[in-house]
Amino acid sequence: MGIEEKLPSGFLLTTVEGLAGWMRKSSLWPATFGLACCAIEMMATGAGRYDLARFGMEAFRASPRQADLMIVAGRVSQKMAPVLRQVYDQMANPKWVLAMGVCASSGGMFNNYAIVQGVDHVVPVDIYLPGCPPRPEMLLDAILKLHAEIQRMPLGVDREKAAREAEEAARKAVPTIEMKGLLR
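Right, let's get into helix α2 (residues 16–25). Every buried residue of α2 is accounted for by G18, A20, G21 and R24. The buried residues of α2 occupy an angular sector of 165° when the element is viewed end-on, so they sit on one face. Check the buried side of α2 and you find it contacts β3 (96–100), α6 (136–152) and α7 (157–172).

Taken as a whole and judged by the stated rule, the model has four salt bridges. The partner of E41 in a salt bridge is R135, and the shortest N-O contact between them spans 3.9 Å. Taken as a pair, E41 in helix α3 (residues 38–46) and R135 in the loop between β4 (127–129) and α6 lie far apart in primary sequence, 94 residues in all. Among the salt bridges present, the one from R85 reaches D89, with a minimum N-O distance of 3.1 Å. Of this pair, R85 and D89 are both found in helix α4 (residues 81–90), four residues apart, which corresponds to roughly one turn of the helix.

Thresholds, definitions, all that
For every chain, the first residue of the written sequence is number 1, and numbering continues from 1 along that sequence. In view of the model being predicted, local features appear only for residues whose pLDDT reaches at least 70, and side-chain atom pairs are presented and counted only at 80 or more, with totals across whole chains, interfaces and linings using the full set of residues. Note that the side-chain values use all heavy atoms of the structure and ignore hydrogens as well as water. Burial classes follow relative accessibility: with a 1.4 Å probe on protein chains only, a residue under 20% of its type's maximum area counts as buried, one over 50% as exposed, and anything between as partly exposed. Secondary structure elements are defined from DSSP: runs of H or I of at least 4 residues count as helices, runs of E of at least 2 residues count as strands, and each element is numbered from the N terminus. The directions considered for the arc are those from the helix axis to the C-beta atoms. Pairs of residues are marked as contacts when any of their non-hydrogen atoms sit within 4.5 Å. Any Lys or Arg side-chain nitrogen found within 4 Å of a carboxyl oxygen on Asp or Glu counts as a salt bridge.

This is the structure:
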């Protein structure tokens, strides 16, 4: 016999942090930042067959001030990187970034001077989505994983500290082109 039996029907017990997490995950508004072929798959995810509207994300925002999720779909050139950062800085807090496709995640097959080797060198990334291009089902799965991450996210000072640490880690990251690995 717990407290649930003592309360009249219609009462819901939760924490403020849990309720805020549920509201944040249920009201994501993505910003349009489609740069290459992955953008076609992102647009297909918003269409009727896959229906992002069931997650409250049916309207892709053209203004960064109305968005809180940036889906970077495709390769980012060196000339586009400052624009990407400016759009990210204009987004309201809290904000999340999803790197869609292998080009956004690691530069993909474009290992040259013109392409940023991973968008995480420009903005902090919350979810990496592999594939060339990833299917709409994969994008939906990544969005659901981001929902779970947002649901567990703390409030207040702890969230701000975690955001600052992620931002510093993104700025200090060694560019992929300078890394020494198996093929270099």
